[in-house]
Amino acid sequence: MKPDLFEAPDYYQIDELLSDEHKLVRDAARSWVKREVSPIIEEYAQRAEFPNQIIKGLAEIGAFGPYIPEEYGGAGLDQISYGLIMQEIERGDSGVRSTSSVQSSLVMYPIWKYGNEEQRKKYLPKLASGEFMGCFGLTEPDHGSNPGGMTTNFKDKGDHYLLNGAKLWISNAPFADIAVVWAKDEEGRIHGLVVERGMEGFSTPETHNKWSLRASATGELIFDNVKVPKENLLRGKSGLGAPLGCLDSARYGIAWGAIGAAMDCYDTALRYAKERIQFDKPIAATQLQQKKLAEMITEITKAQLMAWRLGVLRNEGKATSAQISMAKRNNVEMAIKIAREARQVLGGMGITGEYSIMRHMMNLESVITYEGTHDIHLLITGMDITGFPAFK
């Protein structure tokens, strides 16, 4: 087991833009990742298994609903703190960050924003503590980039709703206690419902044989005439804008998280390049390796500044969905390119589990696709600047 020697790059002294609370929150998450995630994550990724024992620790560092008010069990932190926690967790592993992101932005967020007081008090404290784990059901086998085409539906049966359909590629599904499920009513309007494990007709088969996010639990949600109590409907918002509002929060977290993966790959490559001797000198002394490393730190620095500014805008309630899309697309692309370049710096060693780079690279192949594909986010920016939708 190799020690975690990670040192975070801060080429533009961005720490000076952070408050003492921001740095305290980040450093607590960083220390926890070094202590609890780094020593075990390669083994769990190789086994394609989620390390359930870290759930309590994730809760303790505030990774579940960090911006949820304290009265509901959250940490009551701002958006930059949320981003920094996601950055540190994804520095450890994208799959672990996915577990945290889903719990925070796709389960707790809609219950907090769209639920009533009874729902908030029933679910949020248990989700914040990790006693309950949740998942988010939007993507379907035939509807990914076009979620509005979903076929999952529910019918009013008087004293309950009858839910039918299926969701695919659902993080946390295999072990989730509750699912926030998006389905159409009899008029075709999209609503969110809280479906609880144990409801008859509700099953969550696990997805196997993944080459990416191997340390994350992924599955399906199957609804076969599931009777959902009427009090489980999230009545605060309906229409496609409701789940998309959740995705804004999650995509914002990804924009920060991808920086963590990139920083880990860069730090690994930099350390290796200084230590690896070829032709009687460290490979870090060669022009081509310096080019790789210099470009890596440049792109990381640009992404850090973008994420920080977006966090300020989120705190002020000014960030647009299109701005969030731009940051998600840019920062994930940045991270995956750095992972590929860093792998080359390490040569053959870069493909082994002795180092984190190949695992990050494989994980980022999922991150660049989920919660809005790379192409779709590009078209969101295109529509925002031209006024013309080009999705079809």
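Below, the structure is looked at part by part. (Residues numbered from 1 in each chain as written. Predicted model: local features only at pLDDT ≥ 70, side-chain atom pairs only at ≥ 80, totals over all residues. Heavy atoms only, no water.)

Helix and strand content of the chain: 10 helices and 10 strands. Against the 2.2 N^0.38 benchmark of 21 Å for 392 residues, the chain shows a C-alpha radius of gyration of 21 Å, consistent with a compact globule. When the backbone C-alpha atoms are referred to their principal axes, the chain occupies close to 80 × 45 × 40 Å. Out of the 392 residues in the chain, the part that is buried amounts to 55%. Sequence separation of 24 or more characterises 75% of the internal contacts of the chain that already satisfy a separation of 6 or more. Just so you have it, the chain exposes about 17100 Å², and 51% of that area is on carbon and sulfur atoms. Charged side chains of the chain number 45 positive and 51 negative; the gap between the two group centres comes to 3 Å. (Helix = DSSP H or I, 4+ residues; strand = E, 2+ residues; numbered from the N terminus. Rg over C-alpha atoms; globule rule 2.2 N^0.38 Å. Buried < 20%, exposed > 50% of the residue type's maximum accessible area, 1.4 Å probe, protein only. Contact = heavy atoms within 4.5 Å. Areas by Shrake-Rupley, 256 points an atom, 1.4 Å probe, with all protein chains shown as cover. Lys, Arg positive; Asp, Glu negative; His and termini not counted. Charge placed at Lys NZ, Arg CZ, Asp CG, Glu CD.)

Here we take up helix α6 (residues 241–275). The end-to-end C-alpha separation of α6 is 51 Å, in line with the 51 Å expected for 35 residues at 1.5 Å each. Of all 35 residues that make up α6, 29 are buried, and the element is covered over most of its length. (Expected span 1.5 Å × (residues − 1).)

Below, the discussion takes up the environment of G382. Its location among the elements puts G382 in helix α10 (residues 374–386). Residue G382 is classed as partly exposed on the basis of its relative accessible area, which comes to 25%. Taking the C-alpha atoms as reference points, G382 and E43, separated by 339 residues in sequence, lie 42 Å from one another.

In this structure, I111 and W182 are the most contacted members of the largest nonpolar core, which totals 102 residues. Here this core takes 18 residues from α6, the largest share from any one element. Among the nonpolar cores identified, the runner-up in size contains 19 residues, and F154, A179, V181 and A183 belong to it. (Core = buried A, V, L, I, M, F, W, Y, C linked by side-chain atoms within 4.5 Å.)

Moving on: the environment of Y72. With respect to the helices, strands and loops of the structure, Y72 is situated in the loop between α2 (55–60) and α3 (79–92). Along the chain, Y72 and K122 lie 50 residues apart, while their C-alpha atoms are 9.2 Å from each other. Those residues in contact with Y72 that sit more than four places away from it in its chain are W112, E117, R120, K121, L124, P125 and A128. Engagement of the side chain of Y72 in a polar contact is seen with the side chain of E117, the distance being 2.8 Å. (Polar contact = N/O pair within 3.5 Å; in protein donor to acceptor, adjacent residues only side chain to side chain.)

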